[in-house]
Amino acid sequence: AQKVTQAQTEISVVEKEDVTLDCVYETRDTTYYLFWYKQPPSGELVFLIRRNSFDEQNEISGRYSWNFQKSTSSFNFTITASQVVDSAVYFCALSEAPNTDKLIFGTGTRLQVFP
Amino acid sequence: DVKVTQSSRYLVKRTGEKVFLECVQDMDHENMFWYRQDPGLGLRLIYFSYDVKMKEKGDIPEGYSVSREKKERFSLILESASTNQTSMYLCASRWTVFGQETQYFGPGTRLLVL
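Everything quoted here is computed from the prediction, not taken from an experiment.

Our focus in this paragraph is the interface of chain A and chain B. On the side of chain B, 23 residues touch chain A, which itself brings 19 residues to the contact. Taken over both partners, the interface formed by chain A and chain B buries close to 1700 Å², and the fraction arising from carbon and sulfur atoms is 47%. Contact with chain B buries area across many residues of chain A, yet Arg 50, Asp 101 and Phe 105 of chain A alone supply 32% of it, more than any other trio. Linking chain A with chain B are one salt bridge.

Printed below as a string of structure tokens:
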């Protein structure tokens, strides 16, 4: 069955620290997609990244980077040199082909960055 | 920019009332979705729609219905609101670019049922 686990409920760091948010997924499909979303206090989910199961290359976007490892079924998200504006709830999600519309979300990790 | 709007940010209703939550997207997307978000449970899919007048049940459709009379508007209806429907409701629209599909979300509606 599909499942996404974000074991870290809440993380607190001080500004400029690096922080990694963990995401472990379960799926029986060979074709699937993984996502990360950010939900700031305003409430709107902001799309960060989409990765398909055939592309295990790590991705870097500014201070954000993602480490996709099929061997451990993980898709971890690292923020380098965290800032107060990074404070939010972060969700990892999974969808499987062919019904890629159905997103299965993890329970989220609340990140608090203190100045 | 993709724009998904929801009619209300906060809503307070009484048990038994009929509640309409409206969602509008301005990008001519065919696929739209309604989720509810609860602490410790993440987001769960209530209903989605592939096109006008089409709807599909998600994981937790009980107690809800939807309406899609126009492509840009997808409404979630609580026929008789109950306190266990107090939640954050998020609407999403699917964007496909270069064969990649991504859901974009509205700001959410926090519903309190008394």
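There's plenty left to go through after this.
Okay, the sheet that holds strand β3 (residues 19-25) of chain B next. All names here are of chain B. Strand order in the open sheet made by the four strands is β1-β3-β8-β7, with antiparallel pairing throughout. Each edge of the open sheet carries a strand with a single partner, namely β1 (4-6) and β7 (65-70). Going from strand to strand, the sheet's axes swing by 20 degrees on average, the running direction of each strand aside. For β7 and strand β8 (residues 73-78), the ladder comprises four bridges, and the chain directions are antiparallel. Following the sheet pairing, Lys 70 is matched in β8 by Arg 73.

Another point: the packing of aromatic side chains. All told, the structure shown has 21 aromatic pairs over all chains when counted by the stated rule. When the ring of Phe 35 of chain A is compared with that of Tyr 37 of chain A, the centres are 6.4 Å apart and the planes differ by 25 degrees; the resulting orientation is stacked. The exposure classification of Phe 35 of chain A matches that of Tyr 37 of chain A, with both residues buried. Put simply, the rings of Phe 35, Tyr 37, Phe 47, Phe 91 and Phe 105 of chain A together with Phe 33, Tyr 35, Phe 48, Tyr 50, Tyr 104 and Phe 105 of chain B pair up and form one aromatic cluster. Taking the ring centre of Phe 74 of chain B as reference, the NZ or CZ of Arg 68 of chain B above it sits at 6.0 Å.

For the rest of this paragraph, the subject is the side chain of Asn 76 of chain A. Residues and elements named next belong to chain A. Relative to the helices and strands, Asn 76 resides in strand β9 (residues 74-79). One polar contact links the side chain of Asn 76 to the main-chain amide nitrogen of Cys 23, over a distance of 2.9 Å. Each residue touching Asn 76, except ones within four places of it in the same chain, is listed here: Thr 20, Leu 21, Asp 22, Cys 23, Trp 36, Ser 65, Trp 66 and Asn 67.

Thresholds, definitions, all that
Every chain is numbered independently, its residues counted from 1 as its sequence is written. As a convention, the first chain written is A and the first ligand written is 1, with the rest following in written order. With the structure being a predicted model, the display of local features is reserved for residues of pLDDT at least 70 and the display and counting of side-chain atom pairs for 80 or more, all residues being used for whole-chain, interface and lining totals. Excluded from the side-chain calculations are hydrogens and water; all other atoms, namely the structure's heavy atoms, are used. In this description, contact between two residues means that some pair of their heavy atoms is separated by no more than 4.5 Å. Values labelled buried area give the accessible surface lost by two parts on being combined, using a 1.4 Å probe and summing over both. By definition here, a salt bridge exists when the distance from a side-chain nitrogen of Lys or Arg to a carboxyl oxygen of Asp or Glu is within 4 Å. A pair of strands counts as paired when DSSP detects no fewer than two bridges linking them. The way it works is that DSSP assigns letters per residue, a run of H or I at least four long becomes a helix, a run of E at least two long becomes a strand, and they are numbered from the N terminus. Axes, fitted as lines to C-alpha atoms, cover a helix only where it is in contact. Angles between the N-to-C directions of the axes lie from 0 to 180 degrees. Think of it this way: a Phe, Tyr or Trp ring, Trp meaning its six-membered ring, pairs with another when their centres are within 6.5 Å, and the plane angle makes it stacked under 30 degrees, edge-to-face over 60, tilted otherwise. Exposure categories follow from relative accessible area, calculated using a 1.4 Å probe and restricted to protein chains: below 20% of the type maximum is buried, above 50% is exposed, and the middle band is partly exposed. Here, over-ring charges are defined by two tests on the NZ atom of lysine or the CZ atom of arginine: distance to the ring centre within 6 Å, and angle to the ring normal within 35 degrees. We call two N or O atoms a polar contact when they sit within 3.5 Å, provided that within protein one can donate a hydrogen and the other can accept it, with sequence-adjacent residues counted only if both atoms are side-chain atoms.

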